[in-house]
Each structure stands twice: as C-alpha cells, then as structure tokens.
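Inside the fold
So the chains spell out like this:
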Amino acid sequence: MCSENVSSASSKSTNMCQLESNDIAAEHSLSIPNDETDISADNFCLRDQEKPTILCSDETKNKELEEDFDVETETHNTVDIKTFLKSIIFMPKYMWLLCITNLFCWMSLTTYSLYFTDFVGQRIYKGEPKSLRGSAARNLYDEGVRMGSLAMILYSVSSTIYSYFIPSLINRLGTKTVYVCGQLVYTVGMMSLAATSNLVVSFIASLTTGVMYSTLFTMPYILVAKYHSDPEFSSKHIKKGSSVQRGVGTDIAIVSSMVFAGQFILSLFVGAIISAVGSTIVIPITAALLSFCGALSALAVEYVDAL
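Since this is a predicted model, take the numbers as computed values, not measurements.

When its secondary structure is counted, the protein chain shows twelve helices and zero strands. Starting at the N terminus and ending at the C terminus, the protein chain contains elements arranged as α-α-α-α-α-α-α-α-α-α-α-α. Working note: accessible area of the protein chain is about 18,400 Å², and carbon and sulfur atoms make up 64% of it.

Its place among the elements puts lysine 226 in helix α8 (residues 219-229). Along the backbone, lysine 226 and tyrosine 303 are 77 residues apart, and their C-alpha atoms lie at a distance of 8.4 Å. Of the polar contacts made by the side chain of lysine 226, one reaches the side chain of threonine 175; its length is 3.2 Å.

Side-chain pairs of opposite charge can arise whenever the charged atoms involved come near each other. Applying the stated criterion to the full structure yields two salt bridges. Among the ionic pairs, glutamate 143 bridges to arginine 146, the shortest N-O distance being 2.8 Å. Of this pair, glutamate 143 and arginine 146 both sit in helix α5 (residues 136-173), three residues apart, roughly one helical turn.

Attention now moves to the packing of helix α6 (residues 175-196) against helix α7 (residues 199-216). With their axes 8 Å apart at the nearest point, α6 and α7 run at an angle of 155° to one another. Taken together, the axes of α6 and α7 are roughly antiparallel relative to one another. With respect to the hand of their crossing, α6 and α7 are arranged in left-handed fashion. Here α6 contributes Tyr179, Gly182, Gln183, Val185, Tyr186, Gly189, Met190, Ser192, Leu193 and Thr196 to the contact with α7, which in turn contributes Val201, Ser202, Ala205, Thr208, Thr209, Val211, Met212 and Thr215. Taken together, the residues of the contact of α6 with α7 sort by class into nine nonpolar, nine polar and no charged.

This part is about unusual backbone geometry. Most of the time, phi is negative for any residue but glycine, and the peptide bond is trans. Positioned with a positive phi, lysine 126 is a non-glycine residue whose angle comes to about 60°. Within the element layout of this structure, lysine 126 appears in the loop between α4 (93-124) and α5. Positive phi outside glycine occurs at serine 197, with the angle close to 55°. Mapping serine 197 onto the fold places it in the loop between α6 and α7. A relative accessible area of 17% places serine 197 in the buried class.

Take the packing of α4 against helix α10 (residues 248-256) next. Between two packed helices, both the angle of their axes relative to each other and the distance between the axes serve to describe the pair. Running from N to C, α4 and α10 point in directions that differ by 35°, and their axes come no closer than 9 Å. Residues Met95, Leu98, Cys99 and Asn102 of α4 form the contact with α10, whose own contacting residues are Asp251, Ile254 and Val255. Of the residues in the contact of α4 with α10, the class split is five nonpolar, one polar and one charged.

What follows deals with a nonpolar patch on the surface. A cluster of nonpolar side chains, contributed by Leu150, Ile153, Val157, Ile161, Tyr164 and Phe165, occupies part of the molecular surface with about 620 Å² of accessible area. Relative to the elements of secondary structure, leucine 150 occurs in helix α5. Relative accessible area serves as the criterion here: at 42%, leucine 150 is assigned to the partly exposed category.

Looking at where glycine 294 falls in the secondary structure, it is placed in helix α12 (residues 282-300). Judged by its relative accessible area of 0%, glycine 294 falls in the buried class. Separated by 187 residues in sequence, glycine 294 and methionine 107 place their C-alpha atoms 9.5 Å apart.

Here we come to the packing of aromatic side chains. Considering all chains together, one arrives at seven aromatic pairs under this definition. Measuring from centroid to centroid gives 5.3 Å for tryptophan 106 and phenylalanine 217, while their planes differ by 90°, and the two rings are edge-to-face. Here tryptophan 106 is found in helix α4, whereas its partner phenylalanine 217 is found in the loop between α7 and α8, with 111 residues between them in sequence. Owing to a relative accessible area of 44%, phenylalanine 217 belongs among the partly exposed residues under this scheme. Measuring from centroid to centroid gives 4.6 Å for tyrosine 112 and phenylalanine 116, while their planes differ by 35°, and the two rings are tilted.

Core analysis: the largest hydrophobic core is formed by 59 residues, its most contacted members being Leu98, Met190 and Tyr227. Every element with two or more residues in this core is listed here: α4, α5, α6, α7, α8, α10, α11 (258-277) and α12. In terms of residues, this core owes the most to one element, α4, which gives 16 residues.

Our focus in this paragraph is the confidence of the model for the protein chain. The pLDDT averaged across the protein chain works out to 77; a share of 68% of its residues lies at or above 70. Looking across the protein chain, the model is least confident in helix α2 (residues 34-77), with a mean pLDDT of 46, and most confident in α12, with 95. Segment residues 1-12 is flagged for pLDDT under 50; beyond a separation of four residues in sequence, or across chains, it makes zero contacts in the model. For residues 24-57, every residue scores under 50 in pLDDT, and the model assigns this stretch one contact once sequence neighbours within four places are set aside.

About the criteria used
- Residues numbered from 1 in each chain as written.
- Predicted model: local features only at pLDDT ≥ 70, side-chain atom pairs only at ≥ 80, totals over all residues.
- Heavy atoms only, no water.
- Helix = DSSP H or I, 4+ residues; strand = E, 2+ residues; numbered from the N terminus.
- Areas by Shrake-Rupley, 256 points an atom, 1.4 Å probe, with all protein chains shown as cover.
- Polar contact = N/O pair within 3.5 Å; in protein donor to acceptor, adjacent residues only side chain to side chain.
- Salt bridge = Lys/Arg side-chain N within 4 Å of Asp/Glu carboxyl O.
- Axes fitted to C-alpha atoms, helices over the stretch in contact; angles between N-to-C directions.
- Parallel < 35°, antiparallel > 145°, perpendicular 65-115°, else oblique.
- Left-handed = near helix turned anticlockwise from the far one by under 90°.
- Contact = heavy atoms within 4.5 Å.
- Nonpolar A, V, L, I, M, F, W, Y, C, P; charged D, E, K, R; others polar.
- Buried < 20%, exposed > 50% of the residue type's maximum accessible area, 1.4 Å probe, protein only.
- Patch = residues over 30% accessible without salt bridge, like charges linked within 9 Å, V, L, I, M, F, W, Y side chains within 5 Å.
- Phe/Tyr/Trp six-rings, centres within 6.5 Å; stacked < 30°, edge-to-face > 60°.
- Core = buried A, V, L, I, M, F, W, Y, C linked by side-chain atoms within 4.5 Å.
- pLDDT = per-residue confidence, 0-100.

Encoded structure:
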C-alpha cells in the first residue's frame, strides 16, 4: 500500500510538472505571436540585406566623390592658353614688384657683362679700338680687354663663395636685407669704378659683381617659392574662386624672362648713349643707376618672413 501510494504521488507530481511546463510554454507562445516572430525573422533578413546595400551606397558615394575630385583635378591641371596668358598679364602686385626689381637688376648686370672689357680697354688703358692693328693705341686697347677678362674671372669666384653663405645670411639678417644689400654692394662697386677708373678698383668692382650675380640667381626664386609655400600669404593675396590659376612654375618662368627683357631693353639705348657722350664712363654709371633703382624697388617687394 505504501509503495502504491508513493508511486501514485510521484506520478501525480510528474503530471503536475508536465502541466506546469506546458502552461509556461503556452504562456510564452501566447506572449510572442506568430506575426511578430515572422517580423523579427524578416528583420533579421532585412538587416542581413541592409549591410551590403549600405556598403553599396557608400561605395557609390565614394566613386562619385572620386570622380568629382578627378574632374576638379583635371580642370586645375589642364590650363588652356587663354588662362595661361591671363596669369601673366593680370599678375598680382607682389609679382609685378618682384619682376620690376629683377628687370632692373638684370639690366644693370648686363651692362657690366657686355661693356666692361671695352671700358677697361678704353677708359683705364687709354686704348682705341678703331686704331690700326699693331698700333700703340690698338695694343693698349687689346691689353685692356685681356685684363678686363681676367677681372671678370673674379666675379665668378666671388659669386660661388657668396652663394654658399646666402642661406645663413637670410637666417640672420632676413630676406629683405640680403636682397637689398646685395644690390647696393654692386652699386657702390660700380660708382667707385666710375669715380676712379683704376685697374685695382676694377678688380674690386668685379668682386662686387659676383655678389650681384649670386643675388639674381637666388633671391627672386627663394621669394617665389615662399609665396607659394606659405598658406597665410596665399590666403591673403589669392582670391578664392578666381579664374586665374597661379602656379610656381609659371611665376618662376615670368621672373626668369626678365633676363631676356633686360638684355633687349638695354641694347636699345646703352650703345646710343655711349656714342652720344663719346666716353665709356657711361657704362659703370648706367650699371650703378640701374642697380640702385633695383634696390629701391626691392624695398617695396613683399617678403614672407616679414609678415
């Protein structure tokens, strides 16, 4: 009897546990409808499907941005002849000042380079280029030309040495001081040559010419590089949305073209002035005046390290 009672009690408890578990399952099944289960399943499917869709849209946007960037880059890199000429004609003020300064300097240096040996032969050695070959006056002139050529070697030497010290001078004195003083040194040398007409002074003047020569081949290009590398200077002078695009190569080419412009302009009047005056004293005076004008113009040039 006891065993029968125990077994019946255990079976009842087992049935009760099964009923309770069934009730709990039924409650859970009632709390989560079939529709919601389907929606959640759909949501899972949608989430799985949204990921590649979002990636596709991002890739499309990235491609569109890259295409826009490529188009903008092509428009900036592709410059037609009209835009190029506009960038030369409609230069900003700071480029005009730099070009005028470089023009004066090259006209001054070209005066020395073309006529210095003639000056030494006629003014210092008192020779005459129009005399007959073998005459005393012609021999003196030829000797003066040879000595003048020897003196011109010194300006190559001084130019090489001075070029080595330009970076340190810029760091200590500043770009403006180095640019202006380099031209004033040459001005003093040419004025001394015009005042004394001495052979020793001509050699010293050639040394100052090396300073000018080195200044011409370094300072304008240093300034152009600083103009384009300094963001503050670019934002100050270059207008946004401007149709005229300025490049560092274009500006360097414009500054370099002053070499030929200076030679061309100088050849138009120096020979006529020498013939009109009847003396080669015009050569160092003209070189000194042009160099002094270049120094004055260099005072107005904009310097990045002074901003």
